[in-house]
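So the chains spell out like this:
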Amino acid sequence: MKGYSEKPTRVRFKVLAFIFVSVVINYMDRSNISVAATAIGKDLELTSVQLGLIFSAFGWAYAALQIPGGVMVDRFGARLTYAFSLITWSLVTLLQGFTKGFVGLFGLRLATGAFEAPAFPTNNKVVTSWFPNQERASAIAFYTSGQFAGLAFLTPALVTIQHFLGWRGLFITTGAIGILWGIIWYIFYRDPAQHKKANRAELDYIKEGGGLVTQVHEQEEKAKFEWGNLREVFIHRKLWGIYLGQFAVNSTLWFFLTWFPTYLVEYRGLDFLKSGFLASAPFLAAFVGVLLSGFLSDFLVKKGVSLGIARKTPIIVGLLLSTSIVGANYVSNTSLIIMFMAIAFFGNGLASITWVFVSTLAPKHLVGLTGSVFNFIGGLASIVVPSVIGFLAQGGSFAPALVFIAIVTLLGALSYIFLVGKVERIKVTQKPDSNLPM
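No experiment lies behind these values; they were computed from the predicted model shown.

*Asks:* Just checking my understanding: could you explain the layout of surface pockets for this structure?
*Replies:* In this approach, a probe sized like a water molecule rolls over the atoms, and the result shows the empty space that is left. There is about 280 Å³ of room inside the second largest pocket. Of all the elements in the fold, those that place two or more residues in the lining of the second largest pocket are α1 (11-44) and α7 (133-188). No other element matches α1, which puts 4 residues into the lining of the second largest pocket. Classifying every residue of the lining of the second largest pocket by side-chain character gives 6 nonpolar, 2 polar and 4 charged.

*Asks:* Is there a simple way to think about a nonpolar patch on the surface in this case?
*Replies:* Where nonpolar side chains cluster on the molecular surface, the patch consists of Leu320, Val403, Ile407, Leu410, Leu411, Leu414, Ile417 and Phe418 and spans about 710 Å² of accessible area. At 7 residues, the largest contribution of residues to the nonpolar patch is made by helix α19 (residues 399-418). In this structure, Leu414 sits in helix α19. Classification of Leu414 by relative accessible area gives partly exposed; the value is 35%.

*Asks:* Even after reading the chapter, I still don't get the confidence of the model for the protein chain, so can you show me in this structure?
*Replies:* It should be kept in mind that the predicted coordinates are not to be read in detail where pLDDT is low. Overall, the predicted model of the protein chain reaches an average pLDDT of 83, with 92% of residues at or above 70. Low pLDDT, under 50, characterises residues 432-438; the predicted model gives this stretch 10 contacts beyond four residues in sequence or across chains.

*Asks:* Help me understand empty space enclosed by the protein, please; the structure alone is not making it clear to me.
*Replies:* Throughout the structure, instances matching the rule amount to 3 cavities of 30 Å³ or more. By volume, the largest cavity amounts to about 150 Å³. If you go around the largest cavity, you meet 18 residues; those closest to its centre are Tyr27, Gln147, Gln246, Asn250 and Leu253. Residue assignment for the lining of the largest cavity shows that the elements contributing at least two residues are α1, α7, α11 (237-267) and α17 (367-379). Its residues assigned to classes, the lining of the largest cavity comprises 8 nonpolar, 9 polar and 1 charged. Each of domain 1 (10-209) and domain 2 (227-425) gives at least three residues to the lining of the largest cavity. Taken as a whole, the second largest cavity encloses approximately 40 Å³ of empty space. Sorting the residues of the lining of the second largest cavity by element identifies α1, α7 and α11 as the ones contributing at least two each. Looking at the lining of the second largest cavity, the element that brings in the most residues is α1, giving 3 residues. When the residues that make up the lining of the second largest cavity are grouped by side-chain class, the tally is 5 nonpolar, 3 polar and no charged.

*Asks:* Can you help me understand the pattern of salt bridges in this one?
*Replies:* Between side chains of opposite charge, a pair can form as their charged atoms come close. For the structure on display, the rule yields 4 salt bridges. One salt bridge in this structure joins Glu135 and Arg12, with 2.9 Å as the shortest N-O distance. In this pair, Glu135 sits in helix α7 while Arg12 sits in helix α1, placing the two residues 123 residues apart along the sequence. Look at Glu135 and you get buried, because its relative accessible area is 13%. The exposure class of Arg12 is buried, given its relative accessible area of 4%. Here Arg30 and Glu116 are joined by a salt bridge, their closest N and O atoms 2.8 Å apart. Here the residue Arg30 occupies a position in helix α1, and Glu116 occupies one in helix α5 (residues 102-116), the gap between them amounting to 86 residues. No difference in accessibility class separates Arg30 from Glu116, as the two residues are buried.

Cut-off values and rules
Residues numbered from 1 in each chain as written. Predicted model: local features only at pLDDT ≥ 70, side-chain atom pairs only at ≥ 80, totals over all residues. Heavy atoms only, no water. 1 Å grid on protein atoms, 1.4 Å probe; cavity = no way out; pocket = protein on both sides within 12 Å on 5 of 7 lines; lining within 4 Å. Points joined across faces, edges and corners; volume = space filled by probe spheres on them. Helix = DSSP H or I, 4+ residues; strand = E, 2+ residues; numbered from the N terminus. Nonpolar A, V, L, I, M, F, W, Y, C, P; charged D, E, K, R; others polar. Patch = residues over 30% accessible without salt bridge, like charges linked within 9 Å, V, L, I, M, F, W, Y side chains within 5 Å. Areas by Shrake-Rupley, 256 points an atom, 1.4 Å probe, with all protein chains shown as cover. Salt bridge = Lys/Arg side-chain N within 4 Å of Asp/Glu carboxyl O. Buried < 20%, exposed > 50% of the residue type's maximum accessible area, 1.4 Å probe, protein only. pLDDT = per-residue confidence, 0-100. Contact = heavy atoms within 4.5 Å. Domains from an automatic or database assignment.

This is how it looks when you write it as structure tokens:
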């Protein structure tokens, strides 16, 4: 390591760029099904209910494996876990290009969700290790913006790929990109104490700011699963506040990831190519919202505003703005429809720094597990929302579906207002003995 007198390096920002790209690929492989949905439905002769089930298949496995995914990242570390996750989910994405019917596609979407399960607990683990508290909301906002920026700019590209290569070519192309990136991640990523280009000054800056920098000797002691740990992450009211809030945030997100293009084409009568470009507008709005949220929250912290107000305000305001999605039920002009969708998704972006609460509230030795439970409950939205919308829309009207989303987001805002309470790390009175056998 270099000496203390030297200026801190900025390796953490290069690491953040790696996470950003990983999130873009993650959401590209989640959302490509929505771009392909109309063509798949016609080619495979699927009903709206079957399509809704295929949309939700990802969520069943993704939610079910969140806790094992969190245990995995705590046990094996971010480098190996993320590389494994990226390569396997991308391979399954590629195989979707060869599916022949409902059962095969449903099974492959289940597998995609299973292999993506460790991704966001890993993202959070990396940021908690590499960034001090005063920079963490901005870091989380930046990598979270990858899901919106990627979708905003990639949606027209994905539509164009499908236009020329068909929906099968779309899955093959996106899967191949992810496999390549998984290899790159494994080659270049390292934890802070193992990174040769991060000097001692940067590591001390991160650690003094509350970053959980893993020391070399600690790295050798891998976290082991304890049933008491699982109980710990379920018994605190403030954690339930962020869990329920994440379900609400994800409800709006999963509407846009699954049914939104179909809503524009099938229920609003827009041309397929035109809908691809119009669909990018709400994603751009969400991109602006999430960046504004993170930088504003960290700015308030640095100005001495209480952590509770600085962290909660963007999320609560964002969830309340997301209820405006119901306004699309009362207009017929395309520009107004997109306007209400953009306002709602801007609010979703504003609320999307919720992962900062995992970093801030979770017991120090349970960051990965807390993140996995947080993502598990939030991930239930990926099951509930596509399926419920499929049933609500089968009568030919999408209005009940938008009302459903508005109600869920309102309840999410209330959970942050009444359940989270004081924003401070939970202290476990007696840490489980890490030397006990699994």
